[in-house]
Structure formats: structure tokens, C-alpha cells
Amino acid sequence: MMLNSNTWNRIRYSLYRPVYDIIDGYFRQKRKASIESLNLKAGDKVLILGAGTGLDLPLLPNDVEITAIDITPAMVKACRQKGEQLGLNITTEVMDGSNLSFESNSFDFVILHLILAVIPDPIGCITETERVLKPGGVCTIMDKFVAPGKKAGVVRKFVNIFTEMIATSIDRDVDELIAHTALEKISHQKLSSIFWLVQAKKPD
Ligand SMILES: C[S@@+](CC[C@H](N)C(=O)[O-])C[C@H]1O[C@@H](n2cnc3c(N)ncnc32)[C@H](O)[C@@H]1O
């Protein structure tokens, strides 16, 4: 089995699910910055790709329409339960983030937190994000990337072989991914050593 595949992700995230929420403290402010920048309004349609256990949900207002998908059934179940406990308007589905079954131009916002560096097909994921966003819609990306204009060095590429198997890629370039789409980058902010917050808009 390839160690950067949907099958492997399903297996490992099923195993991580019971302890996954221990990362909440470290990422809370980063998520908050990402979600607040969207200025969500009542009735907005928000898609969370690779939603995990739903750690974004407590930061979302309860008057938006949330759709959350993930490839791992155990994660989707945890996410649905969290959404219900919070009284949110949420629909959850098991789905591949690089092959969405939604109509084109369906969502006002797409949240991509810790998914573009994990998903085996990040180009598929960003092009699907572009497709399902409404014209003028915005995606917010929070993840580990190389700095803008830089390439991953030899050491980073070597370490990546191991991090990719158990956690995440650390050698991806968000600008290169966005360049596969017509999305227009509207902000690119460093959050910490390897974490970046990037927003991109689908042209009107
Ligand atoms: C690092 S977790 C991030 C979860 C959540 N977005 C967060 O911020 O906590 C990565 C998630 O991506 C999911 N995933 C991996 N490959 C996927 C794919 N092809 N489609 C959808 N979700 C995927 C995993 O099941 C896991 O829940």
C-alpha cells in the first residue's frame, strides 16, 4: 500500500481519531484568525474540506449553512456529533476532497485547514475548491508550506519522507497549487515557523 494514499489516510486517521483533539490548543488561534477573516454572514454556505473531528466548528456562527466532508468515516462521525452538540446547521458526508460530488458554484466559502498538506492529491483538492466556490467566493487555507518563492531544501525533503507517512507533507508550495486554478490570492500571512494562512478568491 502506498503511504500517501486515501486508503492509508483512512486507516491512520481512524487510529488518530480518539486522541486527535489534543492538537486543539495549539491550533485554536490559527483557526480563529482564518475563520474571522472570512466575515461570515447569516445564511452563508460554508464547506469544510477534510473537516476531521470538527475542531473548526466551535468557531463558526450558528446562522451559517455548514457542509463538512472527510475521507475517514470515524472523523465524519465525530464531526457530526460535535456539530449537533453545538446546535449548528451542519451536513456531513464521507467524501474525497479531491473528487467532490457537489454542483459547481455551490459555496460562498471553503475552509481548508490542515488538508492541502495531507491530501494525496492537493492539485485535485484546490481545483475542486475552485469549482465548487461561487464566483466571488473565498477559500481560506491554514497549513504547513514552504515560504513564498522558496523551494524545500534537501534536509526538508528528507524529513518529509517520514512526516508524510505519519502526519503531513512539509514540502508543498501553496502558490504552486493555487497556480493550477484561476483563484486570485488575496492574502498570504506567516503564522509561525512553517504555518501559513492564505486566502484566495474565485473571480466574479
Ligand atoms: C490533519 S487532519 C485536519 C482535520 C481538520 N481540518 C483540522 O483542521 O483539524 C487531516 C484530515 O484530512 C482527512 N483527509 C485525508 N485525505 C483526505 C481526502 N482525500 N479527502 C478528504 N479528507 C481527507 C483526514 O481523514 C483527516 O481528518
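Residues numbered from 1 in each chain as written. Predicted model: local features only at pLDDT ≥ 70, side-chain atom pairs only at ≥ 80, totals over all residues. Heavy atoms only, no water.

**Things to note about the pattern of salt bridges**
A side chain with one charge can pair with a side chain of the opposite charge if their charged atoms come near. Defined as follows: Put simply, a salt bridge is a Lys or Arg side-chain nitrogen that is within 4 Å of an Asp or Glu carboxyl oxygen. Put simply, DSSP H or I for four residues or longer makes a helix, DSSP E for two residues or longer makes a strand, and each gets a number counted from the N terminus. Exposure is judged per residue with a 1.4 Å probe applied to protein chains only, and the accessible area is read against the type maximum: over 50% gives exposed, under 20% gives buried, and values in between give partly exposed.
Under the criterion given, the structure shown has twelve salt bridges. Among the ionic pairs, Lys-45 bridges to Glu-65, the shortest N-O distance being 3.0 Å. Remark: Glu-65 occurs in strand 2 (residues 65-70) and Lys-45 occurs in strand 1 (residues 45-49); sequence separation between them is 20 residues. By relative accessible area, which is 29% here, Lys-45 ends up partly exposed.

**Quick notes on the site of the ligand**
Convention followed: Throughout this document, a residue counts as near a molecule or strand when at least one of its heavy atoms sits within 4 Å of that molecule or strand. Identification of polar contacts relies on pairs of N or O atoms within 3.5 Å, with a donor-acceptor requirement for protein atoms, meaning one able to donate a hydrogen and the other able to accept it, and with residues adjacent in sequence counted only if both atoms are side-chain atoms. All accessible-area figures derive from a Shrake-Rupley calculation using a 1.4 Å probe, and residue coverage is judged against the displayed protein chains alone. Three classes are used, and their members are as follows: Ala, Val, Leu, Ile, Met, Phe, Trp, Tyr, Cys and Pro are nonpolar, Asp, Glu, Lys and Arg are charged, and the others, Gly among them, are polar.
Taken together, 19 residues sit near the ligand, with Tyr-20, Arg-31, Gly-50, Asp-70 and Thr-72 positioned nearest. Contacts to the ligand include Asn-9, whose side-chain N or O atom sits 3.2 Å from a nitrogen atom. Contacts to the ligand include His-113, whose backbone N or O atom sits 2.7 Å from a nitrogen atom. Protein burial of the ligand: of its 590 Å² of free accessible surface, 98% is covered by the chains. With three residues, helix 1 (residues 6-16) is the largest single contributor of residues to the shell around the ligand. Within the shell around the ligand, the residues separate by chemical class into nine nonpolar, seven polar and three charged.

**As for a nonpolar patch on the surface**
Keep this limit in mind: Residues enter a patch when their relative accessible area is above 30% and they make no salt bridge; the linking distance is 9 Å between like charges and 5 Å between nonpolar side chains (Val, Leu, Ile, Met, Phe, Trp, Tyr).
On the surface, Val-155, Phe-158, Val-159, Ile-161 and Phe-162 cluster together to form a nonpolar patch covering roughly 490 Å² of accessible area. For Val-155, the position within the fold is in helix 5 (residues 154-166).

**A few points about helix 4 (residues 122-132)**
Rule in force here: Should any heavy atoms of two residues lie within 4.5 Å, those residues are considered in contact.
The buried count for helix 4 comes to eight of eleven residues, which makes it a mostly enclosed element. The set of residues buried in helix 4 consists of Pro-122, Gly-124, Cys-125, Ile-126, Glu-128, Thr-129, Glu-130 and Val-132. In this structure, the buried residues of helix 4 make contact with strand 1, strand 4 (107-113), strand 5 (133-144) and helix 6 (174-178).

**Thoughts on the nonpolar core**
Grouped burial of nonpolar side chains is what soluble globular proteins tend to show. Filter applied, for reference: Among the buried residues, those of types Ala, Val, Leu, Ile, Met, Phe, Trp, Tyr and Cys that are joined through side-chain atoms within 4.5 Å form a nonpolar core.
Membership of the largest hydrophobic core comes to 26 residues, with the highest contact counts inside it found for Leu-47, Val-110, Leu-112 and Ile-141. Of all the elements in the fold, those that place two or more residues in this core are strand 1, strand 4, helix 4, strand 5, helix 6 and strand 7 (195-201). Beyond its immediate chain neighbours, meaning those up to four positions away, Leu-112 contacts Leu-49, Cys-125, Ile-126, Thr-129, Cys-139, Thr-140, Ile-141 and Met-142. Counting residues in hydrophobic clusters, the runner-up holds 18 residues, among them Val-46, Ile-48, Leu-60 and Phe-109.

**Here's the deal with the sheet that holds strand 4**
Put simply, the test is: A pair of strands is considered paired only if DSSP assigns at least 2 bridges between the two. Whenever a helix is involved, its axis is fitted only over the stretch in contact; in every case the axis is a line through C-alpha atoms, and angles between N-to-C directions fall within 0 to 180 degrees.
One open sheet holds the seven strands; their spatial order is 3-2-1-4-5-7-6, and the pairing between them is mixed. Among the strands making up the open sheet, the edge pair consists of strand 3 (89-94) and strand 6 (184-190). Taking the axes of each pair of neighbouring strands and ignoring which way they run, one obtains an average angle of 15 degrees across the sheet. In terms of strand pairing, strand 1 meets strand 4 through three bridges, oriented parallel. Across the sheet, residue Ile-48 finds its bridge partner in strand 4, namely Ile-111. Against the sheet, helix 3 (residues 73-85) touches strand 2 and strand 3, its axis set at about 170 degrees to strand 3. The sheet strands contacting helix 4 are strand 1, strand 4 and strand 5, and the helix crosses strand 5 at an angle near 150 degrees.

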